[in-house]
Amino acid sequence: MKSVVYYFTGTGNNLQVAKKIAEALPNCELISMGKGRHDNTKVYDYIGFVYPTYAFNLPRRVTRFINEMSIEKSKNAYFFAVTGCGNISGVALTVPAKILAKKGVTLNFAEEIIMVGNYVAMYKMNERNLEKYQTATDQIPVLVRKIVSKTQQPAGKVNEALNLSTAFGQKVIYARKDKGFNVSDDCIGCGICEKVCPVSNIKMENNKPSFHHNCEQCMACVQWCPKEAINYKNKTQNRGRYTNPSISVKEIIEGNKNNRQ
Ligand SMILES: Cc1cc2nc3c(=O)[nH]c(=O)nc-3n(C[C@H](O)[C@H](O)[C@H](O)COP(=O)(O)O)c2cc1C
């Protein structure tokens, strides 16, 4: 039996969930959708996707990953999708069901889990938000058991009107590219931002990060910077920072490295 869990994460929430699922599944690989790809030469029994919700839909990179994967060899696998979102997942679970259906595959299980909202460019990392960490952590074992036992919990059909309206939010997010990010004099040139970026959008140049216009808006650079030297416009300076307490910066970095390129 072989399993694979594909994840996408900025601040570690979805890696926390993906890791717990992967630990419980037989012979499981854990692969970032940032740079990794699906190996269609292998036959899997479980194939999972764990990712945040962005603008009530999937992160662009995750949509692309699922769209591009060929799964002929594993059509009979148990497919599952989990989105660790901040509040409302919108169509983030029904859209992958639709993409997979077009490939002749059923998404057997879909579930949202409410986690700490990490979109610091939009709101403060306040106490009420941070409290969600514990509630989510308590829910993970139940979720894992459902997946291991191959529970059938379909996502349902995409609400196309909602899907269309999320396209606008997505356009706004991605049109920003990385134009708003700035680096203060507190930067010590440690290069952590470069390494935590799941899509290699940051390169250290003259000991300072430079952004290469392929940003997913995951907030990893802003949130993991040990000096809080990266900000989005003038919005994030006093909003606090959040990274998932169960996940170390080292795990994020290793996860970004260990991909099938
Ligand atoms: C660009 C962006 C857009 C987001 N949009 C939503 C959203 O529409 N609905 C929601 O519930 N959470 C939203 N969030 C919050 C994340 O989905 C949530 O914090 C998630 O757990 C972060 O996962 P990560 O730590 O694995 O990156 C958004 C976060 C970002 C960075």
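Residues numbered from 1 in each chain as written. Predicted model: local features only at pLDDT ≥ 70, side-chain atom pairs only at ≥ 80, totals over all residues. Heavy atoms only, no water.

Student: Any chance you could explain the sheet that holds strand 5 (residues 107–114) here in plain terms?
Tutor: Adjacent strands of a sheet pair through backbone hydrogen bonds, lying either parallel or antiparallel. Ordered by their spatial adjacency, five strands build an open sheet running 2-1-3-4-5, and the pairing between neighbours is parallel. With one partner strand each, in any of the chains shown, strand 2 (28–32) and strand 5 form the two edges of the open sheet. Within the sheet, the average angular offset between the axes of one strand and its neighbour, ignoring direction, is 15 degrees. Alignment of strand 3 (residues 46–51) against strand 4 (residues 78–85), held across six bridges, turns out to be parallel. From the neighbouring strand, Tyr46 faces strand 4, where its bridge partner is Tyr78. Against the sheet, helix 5 (residues 132–148) touches strand 3, strand 4 and strand 5, its axis set at about 165 degrees to strand 5. (Pairing = 2+ DSSP bridges. Helix = DSSP H or I, 4+ residues; strand = E, 2+ residues; numbered from the N terminus. Axes fitted to C-alpha atoms, helices over the stretch in contact; angles between N-to-C directions. Contact = heavy atoms within 4.5 Å.)

Student: Teacher, can you tell me more about helix 5 here?
Tutor: An α-helical segment advances 3.6 residues per turn. Residues three or four places apart therefore align on the same side. In this model helix 5 runs 24 Å from its N-terminal to its C-terminal C-alpha over 17 residues, within 8% of the 24 Å that 1.5 Å per residue would give. Its axis deflected by about 30 degrees at Ile140, helix 5 carries its strongest bend there, up to four residues before the proline Pro141. Listed in full, the buried residues belonging to helix 5 are Lys132, Tyr133, Ala136, Ile140, Leu143, Val144 and Ile147. On its buried face, helix 5 is in contact with helix 1 (13–24), strand 3, strand 4, strand 5 and helix 4 (127–130). (Expected span 1.5 Å × (residues − 1). Bend = angle between axes of the 7 residues up to and from the residue. Buried < 20%, exposed > 50% of the residue type's maximum accessible area, 1.4 Å probe, protein only.)

Student: Just checking my understanding: could you explain the pairing of strand 8 (residues 208–211) for this structure?
Tutor: Two faces make up the sheet, and in a regular strand the side chains alternate between them. Both strand 7 (residues 202–205) and strand 8 contribute to a ladder of four bridges, which runs antiparallel. When the sheet's bridge partners are listed, Lys203 is paired in strand 8 with Ser210. Hairpin connection from strand 7 to strand 8: two residues lie between these consecutive antiparallel strands, with Asn206 at a positive phi of about 50 degrees.

Student: What exactly am I supposed to notice about the packing of aromatic side chains here?
Tutor: When we look at a pair of aromatic rings, we describe it by the centre distance and by the angle of the planes. Considering all chains together, one arrives at seven aromatic pairs under this definition. Plain terms: the ring middles of Tyr119 and Tyr123 are 6.5 Å apart, the flat faces sit at 85 degrees to each other, and that makes the pair edge-to-face. Residue classification places Tyr119 among the buried residues on the basis of a relative accessible area of 15%. Overall, Tyr123 belongs to the partly exposed group, its relative accessible area being 33%. (Phe/Tyr/Trp six-rings, centres within 6.5 Å; stacked < 30°, edge-to-face > 60°.)

Student: I would appreciate a short explanation of the pairing of strand 1 (residues 3–7) in the present structure.
Tutor: Burial within strand 1 is extensive, with five of its five residues counted as buried. Here strand 1 shows a buried face lined by Ser3, Val5 and Tyr7 and a second buried face lined by Val4 and Tyr6. Relative to strand 2, strand 1 is paired through five bridges, and the arrangement is parallel. Note on strand 2: the bridge partner recorded for Tyr7 is Ser32.

Student: Just to check I follow, could you spell out the domain arrangement of the chain for this structure?
Tutor: A common way to state how big an interface is: give the accessible area lost once the parts meet. Segmenting the chain into domains produces domain 1 (3–164) and domain 2 (176–257). Relative to domain 2, the C-alpha centre of domain 1 lies at a distance of 23 Å. The interface is formed by 29 residues belonging to domain 1 together with 31 residues belonging to domain 2. Of the roughly 2,500 Å² buried where domain 1 meets domain 2, counting both sides, 53% is carbon and sulfur surface. Of all residues in domain 1, Thr11, Lys35 and Val120 bury the most surface against domain 2, accounting for 22% of the area lost on that side. There are two salt bridges connecting domain 1 and domain 2. (Domains from an automatic or database assignment. Buried area = accessible area lost by both parts, 1.4 Å probe. Salt bridge = Lys/Arg side-chain N within 4 Å of Asp/Glu carboxyl O.)

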